[in-house]
4 protein chains.
Amino acid sequence: MIGYAFMGRAHSQAWRTVASAFEVPAVARRVIVGRDEEAVAEAADRLDWEEHATDWREVIAREDIDIVDICTPGFLHAEIAIAALEAGKHVLCEKPLANDTAEAEAMVAAALAAQDRGQIAALGHTYRRVPALRQAQELVASGRLGEIRQVRAAYLQDWLTDENAGMSWRLRKETAGSGALGDIGSHAIDQIQFVTGLSVTAVRGRLATLVTERPGPDGPEAVTVDDAAWATLELDGGAIASVEASRMTTGRKNALSLEVYGTRGALRFDLENLNELWFLDATLPAAEQGFTRVLVTEPEHPYLAAWWPQGHVLGWENAFSNQARDLLVAVRDRETAEAPGYSPDFADGLALQRVLDAIIASDAADGATVTL
Amino acid sequence: MIGYAFMGRAHSQAWRTVASAFEVPAVARRVIVGRDEEAVAEAADRLDWEEHATDWREVIAREDIDIVDICTPGFLHAEIAIAALEAGKHVLCEKPLANDTAEAEAMVAAALAAQDRGQIAALGHTYRRVPALRQAQELVASGRLGEIRQVRAAYLQDWLTDENAGMSWRLRKETAGSGALGDIGSHAIDQIQFVTGLSVTAVRGRLATLVTERPGPDGPEAVTVDDAAWATLELDGGAIASVEASRMTTGRKNALSLEVYGTRGALRFDLENLNELWFLDATLPAAEQGFTRVLVTEPEHPYLAAWWPQGHVLGWENAFSNQARDLLVAVRDRETAEAPGYSPDFADGLALQRVLDAIIASDAADGATVTL
Amino acid sequence: MIGYAFMGRAHSQAWRTVASAFEVPAVARRVIVGRDEEAVAEAADRLDWEEHATDWREVIAREDIDIVDICTPGFLHAEIAIAALEAGKHVLCEKPLANDTAEAEAMVAAALAAQDRGQIAALGHTYRRVPALRQAQELVASGRLGEIRQVRAAYLQDWLTDENAGMSWRLRKETAGSGALGDIGSHAIDQIQFVTGLSVTAVRGRLATLVTERPGPDGPEAVTVDDAAWATLELDGGAIASVEASRMTTGRKNALSLEVYGTRGALRFDLENLNELWFLDATLPAAEQGFTRVLVTEPEHPYLAAWWPQGHVLGWENAFSNQARDLLVAVRDRETAEAPGYSPDFADGLALQRVLDAIIASDAADGATVTL
Amino acid sequence: MIGYAFMGRAHSQAWRTVASAFEVPAVARRVIVGRDEEAVAEAADRLDWEEHATDWREVIAREDIDIVDICTPGFLHAEIAIAALEAGKHVLCEKPLANDTAEAEAMVAAALAAQDRGQIAALGHTYRRVPALRQAQELVASGRLGEIRQVRAAYLQDWLTDENAGMSWRLRKETAGSGALGDIGSHAIDQIQFVTGLSVTAVRGRLATLVTERPGPDGPEAVTVDDAAWATLELDGGAIASVEASRMTTGRKNALSLEVYGTRGALRFDLENLNELWFLDATLPAAEQGFTRVLVTEPEHPYLAAWWPQGHVLGWENAFSNQARDLLVAVRDRETAEAPGYSPDFADGLALQRVLDAIIASDAADGATVTL
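Since the structure is predicted, the reported quantities are computational estimates derived from the model, not experimental observations.

(A) How the structure looks around the relation of the copies chain A and chain C. The transform that puts chain A on chain C rotates by 180 degrees and translates by 0.0 Å along the axis, for an RMSD of 0.0 Å. When the rotation and shift are considered jointly, the pair of chain copies conforms to a two-fold rotation axis. Closest approach to the rotation axis among the C-alpha atoms of chain A is made by Gly367 of chain A, whose C-alpha sits 2.5 Å away. Of the residues that chain A buries at the interface, 100% are likewise interface residues in chain C, meaning the two copies contact each other through the same surface.

Laid out in structure tokens, this is it:
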């Protein structure tokens, strides 16, 4: 694993936990890598890794490493991932795939070559492993919602509400790429595509910077990324999705919400109550219709048989263990037989990046439709 | 109509409204009766009654009066209701039926005699006309919950939380009969019996006065009724219901809640969101089970075809119009053909009074079971 | 009152009820007007009007008529309203003000002239009289939310979900003007402006017809209005609001939702639970912050002192009585003294119409910003 | 750690995780103990323990063991705990403390002696480490609710709803001690005492077996424990709490709910949404009062600074890590300085056992008050 900050901690938790919950191939936590020797040594100790190292190139060259888990900031993803894939390793790369489309395209090229060699190039859109969202995807895939007509997604946070909160690298275009759109809007769009199984074919978008300058060490500095973003997405087959992302919605802490409306049913989800899926079956008699709060903690639900008894709820971190499980199973299956695809992969990340780019391009073109 | 306070206002609203919502026989609002000439004249004007009067005996003797609606304080119910029934009128009497069991028995006797003459003696347990509770009753009656095993009911208010709130007639046993138990617990128990269709066969009860004295005009006075009450009720067939009533539950405004658990399903209701019924169908696959929020505003729901389009919610007062509708229809049916029973009637009120008495008796006997 | 369909019934309920709830000047329900003699006679009887008539011109000429309440379909609003204002009457006109901007401008001209003569020209955006929304408006006006930065509004219904539901006048541009946008999106936009007190200065919009043809008597016909609409609105001072309206969102019955995010607080509302306002005070300590469910049934809340005790919830129809109260009080105040403005008036309706037109124009221009 | 079933798995998760979340003394997972050699070896591997063993006596004699974590069935608790305490170890014992009061008293005696030697005898009422419940306890302790007057607690599950579910040791008095009361009602009562800081002084109780026989291998067998239990508890100072526990409440999966009503405020909690605490501040103006949904994921909340960013919710299992943290800190503090008490300890477990016994005794005495 390369990187040991917030995401490194979440991934470590997953690697430590996965084998106690799931029947998976053995996994050893070999090396954690970071640039700061002292800090990474402390992290190895705290996060329970066997060794630590400061040179990721040496580590990916090691024979005893099968999987490289990339938790660094985004601008390092491409270089590391491509090298790891070329070194014959399976790779799990945190989202966003890359900082720009050119990098992402190079990564996809490396991934395709590697996949031909039986390697996996996995992207860390971990929310696809939240059981309720997986259950949602299965309901749609099985036709329980009929044909999808309309989708609403939003990701609302509030940690930038305070206009006196200082300038940081996350608020500069050069370092962060984009703001709310790329940071959290990307999750919302990934969920739309994952749950409905439909791809975005065209977009109209709008970005806004609601607090245009913030205090820096030497006085006010311009914020050059978006605080909030809105888009409408056309999906395969004509359904339309709306997306809204904001880091300025006072009081909303981590509210990734998704609503899917089809001809035969509908569903709703909110990440702040991630054990619940609200499902409406429009084929029931009118007098009994309504959104059903399904507490997604039954053994019949995705991933749940491995966890606790019914009603014992999961938290945000469990999705990372579920992701680790899926990756380990995919690695095992790759090695033994005909390989079912692992998703999301680098190509999914590139496709998502193109949707984000299209939204930015639409905003730059005063809201004009951009086709993908 | 006799009485023009809070309940008189709610009943007036119903009589004024019923014919614009429902197909019912014509109803004229002839006379409103009260002891204070000036006040009742003002009420007649404001509440839109044709005439006012101060002597209820004269009014019930009038030929042009078919229905007598009694909205007076409870201690006047027996005298007026018996006289009205003897005068050949249909009667709608607000709850509680009477202040004590002896009075209630006399009223039931008068009602039985009157029913033989084709009259109706109706009791105003209006919550039976809240559409979601009626829908609940129909679900249970149709077997959708299977055999009922357990019920939970509570009626929680908070208007006595302030210990400096002064003494009043409602807090003295002589004038009020009982406290939270009779005032609001009675509603909870009526709903248990109405929705499940089961009768109470035995009880254990507990009463408590949590603020034992309150300021009166000449210093502290003892509160002699209960602030809160708890009971377990055995129902026909062995199900057990719990009931809790309190006027001291800070922040709960009018929270009559009901939960019914059966072998095949369950349901939940809360009067503060009275357009919603939560229904769980335990025969569905486990992965799809959960409480469904049914917004009871569809034309297929009880009473709703008469009101507004779907999703346009009703309020507390509409239940009174629904009650007026049921009474007018029952009156019409009585006059034309074989008469289906109107419920709740005076006998239901007496039966409820006996349950309340049994709870009080149980508390007095240190919680011992009292059989009905 | 002219018109006796759904809206006529709701308005009749209000005129019948207003004086029993509020201290207002006397109001007689003189004449109800409709084109079909038999039907309007029946309506007069059922809705409790003194007389009925078929010629609205005769009625507005009568001396004993002070207020003309227009509940006809939209294409008749302009002619009747202008005539009534010219005849010296106060006018309450249901929304939408008119079918097109030219008509609306003529109505505003007539209203301005009439207002100079002391008349009121009121528009029926009744949701402004829902107590929770009025409470929301007061919280914003008093500065409790600080500076407004972001707003989210949606109005979601599902009565067009069934693609086999037949063609009707509401689905043709010639007769209906627009679809979801004008029908329900207009409510959402009115609420944004009402609650925040901010005006729309520019828009980007998108419309979509998700079911493009529907069965007519002679085979499939093209649907020529929008099933769903999306827009972002720029508000005075730079805040941005998103709006979404749809009649295809399966399972959403009457879900007008509003979320307002400011620098010091936030609030949320949903018309399906119209007695609740969710308020977040961002100046509280972080450990105690959260959305508070205020049950808007206290005497301290707008309009509530006139209704029932705390916790006894109101329904959709009560907002019409509240509106009648405000209009009667405004009429009284006009006649006695310096006149505070009544809002919303015809000018508000015209301004709203211009926002809707701008959204349509933006969609026609491939999403380009349209400035107001 | 002794025992490796459901609870053993949850505790292992905690010991594995605690040091990556919290600043705590180093903890090595030395030995896991079970009777079945093969199974415990497999558990050691899966749950990541250094060694496994089959003889707990040998293990507690080891010098390199500081803490003994007892996750066995209840009937083994006393013997192991007393031996471990006598061997000078700190002990964490899962609830219930013991199967009967005599055992519990012996354990408390051993604990008192051990505590004098600086050892900790901790009881695993883990829900005290759910952050929202800890926050609730702190709000009450700081006086934000004023004087507590009334409490409502329930623990509702549904895994015995099916009357064809077979007989098991949990349904026999000899092996299980009691039914819903001891299994889950005990949690509810512990929470009442923990959150309010008040002790139970007297009880009235009722138990019921709703399905009296269930299929065994040789035909129907009698169920000899309670399916459901109800009690009212008198608390220090006169407040009254109601408790209800059931394993027959269809559709309720793991619904431990708590409501606390005081003179200055109130709070509500439900374990199925364990990241939420609903708090009402009754000192606010009436128009702004209501239950506030506090999402207990802020760094200012108990335990939360160690976990994830705000809005990233925790699951059921995190409470076990929080418990491990508190125990490790208490061990450290014991060793270094004056020792603050660890709670809950064995004496708390005995006190709770006496409340449960009193409820059973009350039921046996037809509901009579039993004083503690």
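(B) The interface of chain D and chain B, seen in detail. If you look at the interface, chain D gives 43 residues, while chain B gives 43 residues. Here chain D meets chain B over a buried area of about 3600 Å², counting both sides, of which 46% is carbon and sulfur. Where chain D meets chain B, there are 28 residue pairs in polar contact (both at pLDDT 80 or more). Sorting the residues of the side of chain D that touches chain B by element identifies strand 6 (148–156), strand 7 (200–208), strand 10 (228–235), strand 11 (240–246), strand 12 (255–262) and strand 13 (265–270) of chain D as the ones contributing at least two each. Looking at the side of chain D that touches chain B element by element, the count peaks at six residues for strand 6 of chain D.

(C) Looking closely at the sheet that holds strand 3 (residues 67–70) of chain C. Residues and elements named next belong to chain C. Overall, parallel pairing links the three strands, which are arranged 3-4-5 in an open sheet. Edge strands, defined here as strands with exactly one partner in the open sheet, are strand 3 and strand 5 (121–124). Across the sheet, the mean angle separating the axes of adjacent strands is 15 degrees when strand polarity is ignored. Note that strand 3 and strand 4 (residues 90–94) share four bridges and pair parallel.

(D) The arrangement of the nonpolar core in detail. Counting residues in each nonpolar core, the largest one holds 170 residues, and the members touching the most others are Ile192, Leu233 and Leu235 of chain B together with Ile192, Leu233 and Leu235 of chain C. Here Leu235 of chain C is in contact with Val151, Ile192, Thr196, Leu198, Ser199, Val200, Thr201 and Ala241 of chain C, once residues within four sequence places are set aside. Within the second largest apolar cluster, 169 residues are counted, among which are Ile120 and Val296 of chain A together with Ala153 and Trp307 of chain D.

(E) Structural view of the relation of the copies chain D and chain B. Rotating chain D by 180 degrees and translating it 0.0 Å along the rotation axis places it on chain B, where the RMSD comes to 0.0 Å. The share of interface residues of chain D whose copies in chain B are also at the interface is 100%, consistent with both copies meeting through the same surface.

(F) Region of interest: the sheet that holds strand 5 (residues 121–124) of chain B. Residue and element names in this part refer to chain B. Pairing is parallel across the open sheet formed by three strands, whose spatial order is 3-4-5. Each having just a single partner strand, strand 3 (67–70) and strand 5 make up the two edges of the open sheet. The average undirected angle you get between the axes of adjacent strands in this sheet is 15 degrees. Lying on the sheet, helix 1 (residues 6–21) is in contact with strand 3 and strand 4 (90–94); it crosses strand 4 at an angle near 135 degrees.

(G) Seen up close, the interface of chain A and chain C. Contact residues are listed per partner, giving 43 residues for chain A and 43 residues for chain C. With both chains or domains summed, chain A and chain C bury close to 3600 Å², and 46% of this area falls on carbon and sulfur atoms. Here chain A and chain C share 12 salt bridges between them. Along the contact surface separating chain A from chain C lie 28 residue pairs in polar contact (both at pLDDT 80 or more).

(H) Representation of the confidence of the model for chain A. When pLDDT is averaged across chain A, the result is 95; 98% of the residues are at 70 or more. Per the prediction output, this complex has pTM 0.97; the corresponding ipTM is 0.95.

(I) Geometry of the pattern of salt bridges. Residues and elements named next belong to chain A. Counted according to the given criterion, the structure contains 124 salt bridges over all chains. Arg134 serves as the salt-bridge partner of Glu138, at 3.5 Å between the closest nitrogen and oxygen. Of this pair, Glu138 and Arg134 both sit in helix 6 (residues 131–141), four residues apart, which is roughly one turn of that helix. Under the relative-accessibility criterion, Glu138 is labelled partly exposed at 34%. Salt bridges sharing partners connect three or more residues here, namely Arg30, Glu50, Glu51, Arg62 and Asp64.

(J) Layout of the environment of Ala154 of chain A. You can see Ala154 of chain A is positioned in strand 6 (residues 148–156). Judged by relative accessible area, Ala154 of chain A falls into the buried class, the value being 0%. Distance in space between the C-alpha atoms of Ala154 of chain A and Ser257 of chain A is 5.3 Å, their sequence separation being 103 residues. Discounting residues that sit within four places of it in the chain, Ala154 of chain A has contacts with Glu244, Ala255, Leu256 and Ser257 of chain A together with Arg152 of chain C.

(K) Structural view of helix 4 (residues 77–86) of chain A. Counting buried positions over the 10 residues of helix 4 of chain A gives eight, a clear majority of the element. The first or second residue beyond helix 4 of chain A is Gly88 of chain A, which carries a positive phi of 85 degrees.

(L) The pairing of strand 8 (residues 213–216) of chain A, seen in detail. Residue and element names in this part refer to chain A. The pairing of strand 8 with strand 9 (residues 219–222) spans four bridges and is classified as antiparallel. Each bridged residue has a counterpart across the sheet, and for Pro215 the counterpart in strand 9 is Pro220. Linking strand 8 back to strand 9 in an antiparallel pair, the connection comprises two residues.

(M) Representation of the environment of Ser142 of chain A within the structure. Residue and element names in this part refer to chain A. Here Ser142 shows up in the loop between helix 6 and strand 6. Put simply, Ser142 and Arg46 are 96 residues apart on the chain and 43 Å apart in space, counted from C-alpha to C-alpha. At 3.0 Å, the side chain of Ser142 forms a polar contact with the backbone oxygen of Leu139.

Rules of the game
Residues numbered from 1 in each chain as written. Chains lettered and ligands numbered in written order. Predicted model: local features only at pLDDT ≥ 70, side-chain atom pairs only at ≥ 80, totals over all residues. Heavy atoms only, no water. Least-squares fit on C-alpha atoms with pLDDT ≥ 70 in both. Contact = heavy atoms within 4.5 Å. Buried area = accessible area lost by both parts, 1.4 Å probe. Polar contact = N/O pair within 3.5 Å; in protein donor to acceptor, adjacent residues only side chain to side chain. Helix = DSSP H or I, 4+ residues; strand = E, 2+ residues; numbered from the N terminus. Pairing = 2+ DSSP bridges. Axes fitted to C-alpha atoms, helices over the stretch in contact; angles between N-to-C directions. Core = buried A, V, L, I, M, F, W, Y, C linked by side-chain atoms within 4.5 Å. Buried < 20%, exposed > 50% of the residue type's maximum accessible area, 1.4 Å probe, protein only. Salt bridge = Lys/Arg side-chain N within 4 Å of Asp/Glu carboxyl O. pLDDT = per-residue confidence, 0-100.

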